[in-house]
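Letter by letter, the chains look like this.
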Amino acid sequence: MADAKKTAKLTFDGKEFELPILSPTCGPDVIDIRKLYSQADVFTYDPGFTSTASCDSTITFIDGDKGELLHRGYPIDQLAGKSHFLEVCYLLLYGELPSADQLEDFEARVTNHTMIHDQMQFLFRGFRRDAHPMAIMVGVVGAMSAFYHDSTDITDPWQREVATIRLIAKMPTIAAMAYKYTIGQPFVYPRNDLDYAANFLRMCFAVPAEDYEVNPILSRAMDRIFTLHADHEQNASTSTVRLASSSGANPFACIAAGIACLWGPAHGGANQACLEMLEEIGSVDRIPEFIARAKDKDDDYRLMGFGHRVYKNFDPRATVMKQSADEVLDLLGVENNPKLQVAKELERQALEDPYFAEKKLFPNVDFYSGIILEAMGFPTSMFTPIFALARTVGWISQWKEMIADPQNKIGRPRQLYVGEGPRDYVDVEDR
Ligand code: CMC
């Protein structure tokens with residue numbers, strides 16, 4: 001990776017320092033500043049990590065200018081079109097597409113872990129019925145470390161593998177239970193004769209009084225939503241998982257940290273925020289008012305579902321998601337849905353507006369995923385739990401990669417201190 005011939009020179013305090021350049025397989029070169037502080041007694045300053053690589057990784061590559069997303073080298077549109085979620089999980093976790101036997105074995109291992117410890121239902125019952133499902137997910141996934149002691153020793157590769165399978169297998173069950181609890185319906189147990197996505201839909205929409213037959217178009221769309229959200233390199237929640245696990249914390253605690261981070265509206269909460277925005281706009285004639293607010297420098301209002309930190313051309317996941325949205329909406333016959341009409345017109349007007357073109361703001365994956373999920377019958381509060389369910393495999397793949405890396409050390413960013421200098425304590429009567 002390091003290219004001995006290439007270095008960058010830094011002149012500081014009258015001295016010159018030579019910094020090695022690392023060359024990745026794809027993407028721009030990287031200046032290695034690991035020894036900068038010890039050699040030059042200076043830090044770098046990069047809030048939001050816009051110019052900082054925090055690790056090396058072989059899992060996912062994004063070229064934001066080209067609108068390219070690769071998992072282990074395979075483009076996301078090919079994976080979303082030809083593969084399916086559990087196969088993509090295998091690819092992310094183990095580095096290669098599985099043979100037919102490997103896939104069968106992996107699917108069987110995941111399927112055999114779909115039930116959760118029966119005692120965990122009492123944890124759910126401790127929450128208020130009006131709790132947000134993400135609040136329940138953070139709590140329940142963190143609590144898995146109290147139920148599965150035999151897979152919390154991160155130094156044991158076998159335990160890491162069991163924790164991996166457990167998390168992927170149980171996340172749909174936990175997300176569906178969080179949903180059922182908040183709508184006051186009994187929990188629906190997993191059925192292992194169904195595939196991953198169909199099983200999740202059934203656990204969300206079946207009731208004991210009447211079974212739920214899963215429509216293959218809907219389960220395919222659900223599977224695609226999972227696939228499109230599976231991993232996205234070092235985004236905020238993945239970096240949170242890596243930072244949490246750098247201290248040696250157990251995998252369930254680390255994934256709970258990732259879920260907490262994902263909840264925010266600038267990250268996983270964006271599809272919920274996007275649907276709420278469409279609801280607030282309400283009708284096509286009010287769109288110009290909201291576009292004007294988004295452009296107003298004195299108003300911090302933003303169009304939810306537009307823009308991306310990395311994609312500055314288009315979001316390749318959004319292209320596939322848009323196709324899925326059309327398929328699902330055709331099936332469910334909801335073309336006259338007012339939110340959808342607002343969404344289509346908002347997209348058209350924003351894309352024609354020079355403000356959005358100049359700032360390279362395009363609809364992102366969350367703009368369409370919310371529309372599909374709503375058409376399927378999910379309330380907006382379930383959008384982020386579904387994202388968390390899908391992203392779990394990305395978090396665990398990155399966690400596994402990090403633990404296996406001999407260079408792994410506790411994450412400890414530095415700071416630019418701008419507070420008071422040293423001063424003497426003043427007794428309360430003298431203040
Ligand atoms: N609406 C209006 N203006 C925007 C928007 C938007 N959605 N997004 C960015 N801008 C403007 C922003 O005001 C700034 O303008 P100026 O240069 O005049 O100050 C400029 O574009 C650059 O914005 P930024 O905040 O520096 O860009 P960023 O790369 O830090 O932010 C973002 C990326 C996703 C946080 C932001 O675009 C945003 O808040 N979008 C809405 C929330 C959203 O849809 N989030 C989901 C992201 S995709 C899911 C995922 O991968 O996690």
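Right, let's walk through the structure included here. (Residues numbered from 1 in each chain as written. Predicted model: local features only at pLDDT ≥ 70, side-chain atom pairs only at ≥ 80, totals over all residues. Heavy atoms only, no water.)

## Quick look at the site of the ligand
If you check the shell around the ligand, you find 21 residues, and the closest are His-267, Lys-297, Arg-302, Leu-303 and Gly-305. A distance of 2.8 Å is found between an oxygen atom of the ligand and a side-chain nitrogen or oxygen belonging to Lys-297. Note that an oxygen atom of the ligand is positioned 2.8 Å from one of the backbone N or O atoms of Gly-305. Summarising the interface, the protein chains cover 75% of the accessible area of the ligand, which totals 950 Å² for the free molecule. Looking at the shell around the ligand, its residues break down into eight nonpolar, six polar and seven charged. (Near = heavy atom within 4 Å. Polar contact = N/O pair within 3.5 Å; in protein donor to acceptor, adjacent residues only side chain to side chain. Areas by Shrake-Rupley, 256 points an atom, 1.4 Å probe, with all protein chains shown as cover. Nonpolar A, V, L, I, M, F, W, Y, C, P; charged D, E, K, R; others polar.)

## Thoughts on the sheet that holds strand E6 (residues 74-75)
Pairing between the strands of a sheet is mediated by backbone hydrogen bonds and can be parallel or antiparallel. Across the sheet, which stays open at both edges, the three strands sit in the order E4-E5-E6 with antiparallel pairing between neighbours. The sheet is open, and its two edges are formed by strand E4 (60-63) and E6, each paired on a single side. The pairing of strand E5 (residues 68-71) with E6 spans two bridges and is classified as antiparallel. Considered in E6, the bridge of Leu-70 is made with Pro-75. (Pairing = 2+ DSSP bridges. Helix = DSSP H or I, 4+ residues; strand = E, 2+ residues; numbered from the N terminus.)

## Let's talk about helix H8 (residues 196-205)
With respect to burial, H8 is a largely interior element, nine of its 10 residues being buried. Residues Tyr-196, Ala-197, Ala-198, Asn-199, Phe-200, Leu-201, Arg-202, Met-203 and Cys-204 constitute the buried set of H8. Buried positions along H8 lie against helix H3 (85-94), helix H4 (100-111), helix H7 (157-182), helix H9 (216-228) and helix H18 (383-404). Between the side-chain oxygen of the N-cap and the backbone nitrogen of Ala-197 there are 3.2 Å, and the N-cap of H8 in question is Asp-195. (Buried < 20%, exposed > 50% of the residue type's maximum accessible area, 1.4 Å probe, protein only. Contact = heavy atoms within 4.5 Å.)

## Some remarks on the pattern of salt bridges
This model, assessed by the stated rule, comprises 24 salt bridges. For the salt bridge of Asp-211 with Arg-191, the shortest nitrogen-to-oxygen distance reads 3.5 Å. Taken together, the residues span a long stretch of sequence, with Asp-211 in the loop between H8 and H9 and Arg-191 in the loop between H7 and H8 at a distance of 20 residues. On the accessibility criterion, Arg-191 (31% relative accessible area) is partly exposed. Connected through shared salt-bridge partners, Asp-105, Arg-109, Glu-161 and Lys-400 make up one network. (Salt bridge = Lys/Arg side-chain N within 4 Å of Asp/Glu carboxyl O.)

## Re the side chain of Thr-164
Summarising the element assignment, Thr-164 is placed in helix H7. Given the relative accessible area of 0%, Thr-164 is considered buried.

## Topic: unusual backbone geometry
The phi angle at Asp-41 is positive, at roughly 60 degrees, despite the residue not being glycine. Turning to its location among the elements, Asp-41 is positioned in the loop between helix H1 (36-40) and E4. Relative accessible area serves as the criterion here: at 60%, Asp-41 is assigned to the exposed category.

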